[in-house]
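Report on the structure
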Amino acid sequence: MKRRWIVATALVVTLTGAAWGLKAAMQARCWAFGAPVLCRIESDEKLVALSFDDGPTRAGLDAILPVLAKHGARATFFVIGAEVESYPDGVRRIAAAGHEVGNHSFDHRRMISPFSTAYRDALAHTDRAIAAAGAPQPKLFRPPYGIKFTGLARALDGKTIAMWDFEEPVARPGGARAYADAVVAAARPGSIILIHPMYASRTIEREALPHVLTGLKSRGFRIVTVSDLAARGRADAISRR
Ligand SMILES: [Zn+2]
């Protein structure tokens, strides 16, 4: 009887550990099953990439694009295919302003399939929406919630998985200024910074952006797209941890 309990406990511990390990692997910042990942790019230059996820929305772009233009900054927007279809002019505005458009799935569902078909359909559908809106084909894919599983690598069709090395603060008791200070302080040469400024609840992110850009520039950083950052970084030093 006692022996049976020991075996059952060992089994539960093993399965829990395996599930935890699998979850950690699926959410890894700089690693994916069978595909390289950009998360931070070693660079001798003080370059940093700002990446804006979700949408696009009219309110988000109205707030963001003029600030980027004022600072001569080029950013990367990871857009959701379904939202591109309902607001194609958003992608046109992003591309016309010289920013990069990345693929962020069709409907922002958690993509946890071991098969490539689901990924392939979602990526292709979003690519078609982006092309129909008049922007170049995305070179980058950012998985919703940063979750990647085995089916993704075979569906990338030449795209690179783009993650990040710093995500905006979740708790922001100090308002826009404290949020901006946290983002600026976290930047390192070659950083890819993730910001969610598109939806109505994200007023702090939008209010903080001018301070983020001023702060990064005062630290000597130039803001470039993720693809520009990858191209200028040392190819042998792209983080694949
Ligand atoms: Zn997202």
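Residues numbered from 1 in each chain as written. Predicted model: local features only at pLDDT ≥ 70, side-chain atom pairs only at ≥ 80, totals over all residues. Heavy atoms only, no water.

1. Some points on the coordination of the zinc ion
Under the convention used in this document: Metal coordination here is assigned from N, O and S atoms located within 2.8 Å of the ion, or within 3.2 Å for Na, K and Ca; omission of water means that sites may look incomplete. Numbering of helices and strands runs from the N terminus; a helix is a DSSP stretch of H or I covering at least four residues, while a strand is a stretch of E covering at least two. Classification of residues uses two cut-offs on accessible area relative to the type maximum, computed with a 1.4 Å probe and protein chains only: under 20% is buried, over 50% is exposed, and between them is partly exposed.
Within the protein, D54 (OD), H104 (NE2) and H108 (NE2) serve as the donor atoms for the zinc ion, at 2.0 to 2.1 Å. For the zinc ion, the single-chain donor residues occur in sequence as D-x49-H-x3-H. Taken as a pair, D54 in the loop between β2 (47-53) and α2 (58-70) and H104 in the loop between β4 (100-103) and α5 (116-132) lie far apart in primary sequence, 50 residues in all. Classification of D54 as buried rests on a relative accessible area of 9%.

2. Let's talk about the packing of aromatic side chains
The geometry of an aromatic ring pair is captured by two quantities: the separation of the ring centres and the angle between the planes. Applied cut-off: Pairing of aromatic rings covers Phe, Tyr and Trp, the last counted by its six-membered ring, and requires centre-to-centre distances within 6.5 Å; plane angles under 30 degrees mean stacked, over 60 mean edge-to-face, and any other angle means tilted. Only when the NZ of Lys or the CZ of Arg is both within 6 Å of the ring centre and within 35 degrees of the ring normal is a charge said to sit over the ring.
Taken as a whole and judged by the stated rule, the model has three aromatic pairs. Between W31 and F33, the ring centres sit 4.9 Å apart and the planes meet at 65°, which makes this aromatic pair edge-to-face. Ring centres of F52 and F77 lie 5.1 Å apart, and the angle between their planes is 40°; on these two criteria the pair is classed as tilted. In this pair, F52 sits in strand β2 while F77 sits in strand β3 (residues 76-79), placing the two residues 25 residues apart along the sequence. The class for F77 is buried, based on a relative accessible area of 0%. Here a set of aromatic residues connected by ring pairs shows up, and it is made of W31, F33 and F149. Here the guanidinium or amino end of K46 rests over the ring plane of F221, the centre of that ring lying 4.9 Å away. For the cation-ring pair, R110 lies above Y145, with the distance from its terminal atom to the ring centre recorded as 4.1 Å.

3. Re the environment of L140
Among the structural elements, L140 can be located in strand β5 (residues 140-141). A residue is classified by how much of its surface remains accessible, and L140, at 3% relative accessible area, is buried. When the C-alpha atoms of L140 and P66 are compared, they prove to be 24 Å apart, with 74 residues separating the residues in sequence.

4. Quick notes on the pattern of salt bridges
As a reminder, the rule being used: The salt bridge definition used is simple: a Lys or Arg side-chain nitrogen within 4 Å of an Asp or Glu carboxyl oxygen.
Counted according to the given criterion, the structure contains 12 salt bridges. With a closest N to O distance of 3.9 Å, D165 and R40 form a salt bridge. With D165 in the loop between β6 (160-162) and β7 (166-167) and R40 in the loop between β1 (37-38) and β2, this pair connects stretches of sequence that are 125 residues apart. Overall, the relative accessible area of 9% leaves R40 in the buried class. For the salt bridge of R202 with E168, the shortest nitrogen-to-oxygen distance reads 3.5 Å.

5. Remarks on the environment of E85
Basically, it comes down to this: Note on contacts: a residue pair is in contact if any heavy atoms of the two residues lie within 4.5 Å. Identification of polar contacts relies on pairs of N or O atoms within 3.5 Å, with a donor-acceptor requirement for protein atoms, meaning one able to donate a hydrogen and the other able to accept it, and with residues adjacent in sequence counted only if both atoms are side-chain atoms.
Along the chain, E85 falls in helix α3 (residues 81-86). On a C-alpha basis, the gap between E85 and Y119 in space is 18 Å, while along the polypeptide they are 34 residues apart. Ignoring anything within four residues of it in the chain, the contact list for E85 reads F106, H125 and A129. Only 3.2 Å separates the side chain of E85 from the side chain of H125, close enough to count as a polar contact.

6. Some thoughts on helix α4 (residues 88-96)
Heads up, the condition is: As used here, the arc is the angular range of directions from the helix axis to the C-beta atoms.
Among all positions in α4, only G90, V91 and I94 are buried. For α4, the arc enclosing every buried residue in end-on projection is 95°, short of the 170-degree limit, so these residues lie on one face. Where α4 is buried, its residues touch α2, β3, α3, β4 and α5. Just past α4, the residue G98 takes up positive phi, approximately 90°.

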